[in-house]
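Spelled out, the chains give:
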Amino acid sequence: MTSANNDEPGRPDGDSDGPDGGSGTSRGTGTGSGAPGDVTDTGPASGDRTGTGPRSDGTSSPTGSNPGGDRTESSPAGSRTGSAPHTTTAPGDISFWYAQDGLPAPRPPLPGDTTADICIVGGGYTGLWTAYYLKKAAPYLNITILEGKFCGYGASGRNGGWLYNGIAGRDRYAALHGHDAAVRLQRAMNDTVAEVISVTAEENIDADIHQGGVLEIARTPAQLTRLKEFHAAEAAFGEADRTLHDAAETAGRIRVAGALGSTWTPHGARLHPVKLVKGLAAAVEGLGVTIHESTPVTEIRPKHAVTPHGTVRAPYILRCTEGFTASIKGARRAWLPMNSSMIATEPLPADVWDTIGWDGRETLGDMAHAYMYAQRTADNRIALGGRGYPYRYGSRAARLADTAPTPPATVEALREILVRFFPATAGARIDHAWSGVLGVPRDWCATVTLDRTTGLGWAGGYVGSGVATTNLAARTLRDLIQHDSGQAGPTDLTTLPWVHHKVRNWEPEPFRWLGVHALYAAYRTADTKESTTNTPTTHPIARTANRISGR
């Protein structure tokens, strides 16, 4: 657990996101702040592409009603000429997934001081999966989950719906623990995709899961070089079922404009994030787990989880807060809350899908340094995400009450990526835009820990790859607790190389803010230069950024 002296001095609240007081939204790059609007016209595509970063975990917009209910235009994709499509960006703090599926009925807050066998802080995927597996293993356990807003309010209800086998930090774990240890970790992740699909079927959770695999494409010669290197690396870590495709074979799956090649793995699926989180919450309540919402935890210490409503005392306190970790006392610099933004189109008509293809409904990514991620939804939209304004000064995005709407500049930047990849969507309306935070450790490595001397545990730092990794983390926390309590010995999961990994804290401000924004400016610059020069090698700016960031 991060020590209490890691907190930085408080910073006066305000609308500014940078140390100079600027909003950070100039030149089409902001997602940190901006005035909300009911309907905003998105103008011509901005010249610069805003960065798009680690595979997803997005945040914020409409209010749970039909996302297109107050549109000013409703004509089908491709039917308009001469004007940009309208975008619904109503004020609010929920994702498209919640706007489509509806907000859950509120659960009561903690009524006062209480006790439990295990207290889980955070009602997202990590916390819910952990409660699920612990209760399945030991039904007699008294488990309490404390959630600051409502289950799935954070990354678990805002992400891009990529259930896939990527895990942050595998290469570093190979360097620290050996190649074979990292291969075991990768195989565990491959199995985790199947585990999630199996449990959702067993629990009758309909989360729109379609196992079409993951297709990652290259659109420049430098990206193609990286893609081939990535494909070879994945094969070296045991992915014998991964395939490499040329331009024609790629177009046979998805017709992305300018695609030069792709790599595909079957270890991936598209899903509806909110349907999954709602189903998990119902499942754990059905097992007898207590969930208290609207109960933010302000401090965690051995055997205590402190909230404004009272304190939960338990032998084990598990921190499962991902991008909101910085809001807890003593953890301001543990994991950086990185912003990611998403858009969802209107349902696209058949003629557009005839042009695009995508019949396999693979999740889609690219090999840019500031990369995109996308899925074809069950109702035939494209949901696409990437990096907008990457980080808000002083980790402000980790405060539950400080979620800003996604401004038009970021929506337009993501729409520009959409149209660049799929020109047939040029006339498509953007029905929803939202943003959110994901947790990034200083060395970009996900980790699971249980301190046997204090009973404090945590899991996270998924760097946007958490939809599947949360499940592996939860099963690992279960095994660690069972081992610590004498119910079982070490297991294959408790000996994986990411268990008990230690990482240093992020730098204090303003160095943290300056470093993150410089990093993503470098990646955007490298992407631009690679696309204009068409050289087959990674640009030196990106290589330097990788070394500095520790990625």
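Residues numbered from 1 in each chain as written. Predicted model: local features only at pLDDT ≥ 70, side-chain atom pairs only at ≥ 80, totals over all residues. Heavy atoms only, no water.

1. Things to note about the packing of aromatic side chains
Evaluated as defined, the whole model comprises 13 aromatic pairs. An aromatic cluster is defined as three or more aromatic residues linked by ring pairs; in this entry it consists of Y98, F150, Y153 and F324. Just above the ring of W353 sits the side chain of R376; from NZ or CZ to the centre is 3.8 Å. (Phe/Tyr/Trp six-rings, centres within 6.5 Å; stacked < 30°, edge-to-face > 60°. Lys NZ or Arg CZ within 6 Å of the ring centre and 35° of its normal.)

2. Describing the confidence of the model for the protein
Caution applies to low-pLDDT parts of the model: their predicted coordinates are not meant to be read in detail. The pLDDT averaged across the protein works out to 81; a share of 75% of its residues lies at or above 70. Every residue in residues 1-92 is under pLDDT 50, and counting partners more than four places away or in other chains gives 289 contacts. (pLDDT = per-residue confidence, 0-100. Contact = heavy atoms within 4.5 Å.)

3. Quick look at the state of the cysteines
Tallied over the full model, the rule gives zero disulfides. A disulfide-free cysteine, C119 has its sulfur positioned 9.7 Å from the sulfur of C320, the nearest such atom. C119 sits in the buried class, given a relative accessible area of 0%. (Disulfide = S-S within 2.5 Å. Buried < 20%, exposed > 50% of the residue type's maximum accessible area, 1.4 Å probe, protein only.)

4. Some details on helix α5 (residues 221-236)
Here α5 spans 23 Å end to end across 16 residues, near enough to the 22 Å set by a 1.5 Å rise per residue. If you check which residues of α5 are buried, you get A222, Q223, L224, R226, L227, H231 and E234. G238 sits one or two residues past α5 and shows a positive phi near 100°. (Helix = DSSP H or I, 4+ residues; strand = E, 2+ residues; numbered from the N terminus. Expected span 1.5 Å × (residues − 1).)

5. Digging into the pairing of strand β7 (residues 214-218)
When you tally the buried positions in β7, you get five out of five residues, the bulk of the element. Direction of pairing for β7 relative to strand β9 (residues 261-265): antiparallel, over a ladder of five bridges. From the neighbouring strand, E216 faces β9, where its bridge partner is T263. Direction of pairing for β7 relative to strand β17 (residues 363-366): parallel, over a ladder of four bridges. Within β17, the position partnered with I217 by the bridge is D366. (Pairing = 2+ DSSP bridges.)

6. Some remarks on the environment of Y132
With respect to the secondary-structure elements, Y132 resides in helix α2 (residues 125-137). Classification of Y132 by relative accessible area gives buried; the value is 3%. The contacts of Y132, once residues within four sequence positions are left out, are V199, E202, E203, A283, V284 and L287.

7. Digging into the packing of helix α3 (residues 170-177) against helix α4 (residues 179-202)
It is at 7 Å that the axes of α3 and α4 come closest, and there the two elements cross at 145°. Together, R170, Y173, A174 and H177 of α3 and H179, A181, A182, L185 and Q186 of α4 make up the contact between the two elements. Per-class residue counts for the contact of α3 with α4 are five nonpolar, three polar and one charged. (Axes fitted to C-alpha atoms, helices over the stretch in contact; angles between N-to-C directions. Nonpolar A, V, L, I, M, F, W, Y, C, P; charged D, E, K, R; others polar.)

8. What about the environment of N165?
Locating N165 in the fold gives a position in the loop between β6 (162-164) and α3. Overall, N165 belongs to the buried group, its relative accessible area being 3%. It is 7.4 Å that separates the C-alpha atoms of N165 and Q186, two residues lying 21 residues apart in sequence. Setting aside its immediate chain neighbours within four residues, N165 contacts Q186, M189, N190, V193, E239, T265 and H267.

9. Notes on the sheet that holds strand β3 (residues 114-115)
The strands making up a sheet associate through backbone hydrogen bonding, with each pair oriented either parallel or antiparallel. Here four strands make up an open sheet; going across it, the order is β3-β14-β13-β12 and the pairing mixed. Each having just a single partner strand, β3 and β12 (299-301) make up the two edges of the open sheet. Of the strand pairs in this sheet, β12 and strand β13 (residues 304-307) are connected by three bridges, and their pairing is antiparallel. For E299, the partnering residue across the bridge sits in β13 and is V306.

10. Description of the pattern of salt bridges
This model, assessed by the stated rule, comprises 20 salt bridges. The salt bridge partner of R107 is E285, with a shortest N-O separation of 2.9 Å. One end of the pair, R107, is in the loop between α1 (96-101) and β3; the other, E285, is in helix α7 (residues 273-286), and 178 residues separate them in sequence. E285 gets classed as partly exposed once you look at its relative accessible area, which sits at 34%. Here K136 ties to E203 by a salt bridge, and the two come within 3.7 Å at their closest N and O atoms. Here K136, found in helix α2, pairs with E203, found in the loop between α4 and β7; they are 67 residues apart in sequence, far enough to count as distant. Under the relative-accessibility criterion, E203 is labelled partly exposed at 25%. Each of the salt bridges in this network shares a partner with another, and the network as a whole consists of E346, D379, R381, R429 and D431. (Salt bridge = Lys/Arg side-chain N within 4 Å of Asp/Glu carboxyl O.)

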